[in-house]
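Close look at the chain arrangement
Listed below are the residues making up each chain.
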Amino acid sequence: MYWIEKYEQKNNTKMQDKNYKAANYTVEIEIAKSPDDVFNPVIDVSKWWPEQFEGESLKLNSEFIFSSGETHYSKNKIVEFVPNKKVVWLVTESIRTTDNFDWTGTKFIFELTPKGLNTLLKFTYDGVVFENEYDRLIQICDMTIKEMFYNFIINGQAK
């Protein structure tokens, strides 16, 4: 598959750059709702993700863009979509212009597992970071899932 090959090639090149480090971080939250009631908010990223969203609704092979002004841009493609269970998007283009950081090839993985009457949402960032930014990655992932998404699904607002 083209996207997987591109992912592997980009990360192999980056890993030769001493400034990049492989990063795999997972955060989980338990939500007092069924997987059916969690999945639609997960894929409604325009309402809770911390950056501006542009594109079509999320489904297999859909593409979308996240941006923060002129400093942060990523183009993404849904590469796995299993309703009420899993969504994976792959970053196909990216740039943070303040330092030329490029996380192309990174995967954002959302997995939903029933846990009694609740749902366990597991979010994984699987890609690269600058070697000195792993702590920043943890803070951003935790804020995005534990605060923004959680507040959106519970209160209807990301903040």
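As the structure is a computational prediction, the values presented were derived from the model and not from experiment.

Criteria and thresholds
Residues numbered from 1 in each chain as written. Predicted model: local features only at pLDDT ≥ 70, side-chain atom pairs only at ≥ 80, totals over all residues. Heavy atoms only, no water. Helix = DSSP H or I, 4+ residues; strand = E, 2+ residues; numbered from the N terminus. Buried < 20%, exposed > 50% of the residue type's maximum accessible area, 1.4 Å probe, protein only. Contact = heavy atoms within 4.5 Å. Areas by Shrake-Rupley, 256 points an atom, 1.4 Å probe, with all protein chains shown as cover. Pairing = 2+ DSSP bridges. Axes fitted to C-alpha atoms, helices over the stretch in contact; angles between N-to-C directions. Core = buried A, V, L, I, M, F, W, Y, C linked by side-chain atoms within 4.5 Å. Phe/Tyr/Trp six-rings, centres within 6.5 Å; stacked < 30°, edge-to-face > 60°.

1. Some points on the overall build of the chain
Tallying secondary structure elements over the chain gives three helices and seven strands in all. Secondary structure of the chain in N-to-C order comes out as α-β-α-β-β-β-β-β-β-α. Put simply, the chain has 159 residues, and 45% of those count as buried. The contacts of the chain with a sequence gap of at least 6 include a subset with a gap of at least 24, amounting to 53%. Counting only carbon and sulfur atoms, one obtains 47% of the accessible surface of the chain, whose full area is about 8500 Å².

2. Considering the sheet that holds strand S6 (residues 107–115)
One open sheet holds the seven strands; their spatial order is S1-S7-S6-S5-S4-S3-S2, and the pairing between them is antiparallel. In the strand order of this sheet, the two ends are held by strand S1 (20–31) and strand S2 (52–55), each with one partner. The average angle at which neighbouring strand axes cross in this sheet is 20 degrees, direction not considered. By the bridge criterion, four bridges tie S2 to strand S3 (residues 63–68) in an arrangement that is antiparallel. Bridge assignment links glutamate 54 to a residue of S3, and that residue is isoleucine 65. Sitting on the sheet, helix H3 (residues 134–155) is in contact with S1, strand S5 (86–96), S6 and strand S7 (118–130), with an inclination near 25 degrees to S1.

3. Describing the environment of valine 91
Note that valine 91 resides in strand S5. The exposure class assigned to valine 91 is buried, which follows from its relative accessible area of 1%. Placed 12 residues apart in sequence, valine 91 and tryptophan 103 show a C-alpha to C-alpha distance of 7.2 Å. Setting aside chain neighbours within four positions, we find valine 91 in contact with Ser74, Lys75, Asn76, Trp103, Thr104, Gly105, Thr106 and Phe108.

4. Points about the nonpolar core
In this structure, Trp89 and Phe110 are the most contacted members of the largest nonpolar core, which totals 39 residues. At the level of elements, S1, helix H2 (35–43), S3, S5, S6, S7 and H3 are the ones that each hand at least two residues to this core. A per-element tally of this core places H3 first, with seven residues.

5. Notes on the packing of aromatic side chains
Counted according to the given criterion, the structure contains 22 aromatic pairs. With centroids separated by 5.8 Å and ring planes inclined at 80 degrees, the aromatic side chains of tryptophan 49 and phenylalanine 108 adopt a geometry described as edge-to-face. Placement of tryptophan 49 in the loop between H2 and S2 and of phenylalanine 108 in strand S6 is noted, with a sequence separation of 59 residues between them. Residue tryptophan 49 is classed as buried on the basis of its relative accessible area, which comes to 10%. Relative accessible area serves as the criterion here: at 9%, phenylalanine 108 is assigned to the buried category. Measuring from centroid to centroid gives 5.3 Å for tryptophan 89 and phenylalanine 110, while their planes differ by 40 degrees, and the two rings are tilted. Residue tryptophan 89 is found in strand S5, and its partner phenylalanine 110 is found in strand S6; the two are separated by 21 residues along the sequence. Judged by relative accessible area, tryptophan 89 falls into the buried class, the value being 1%.

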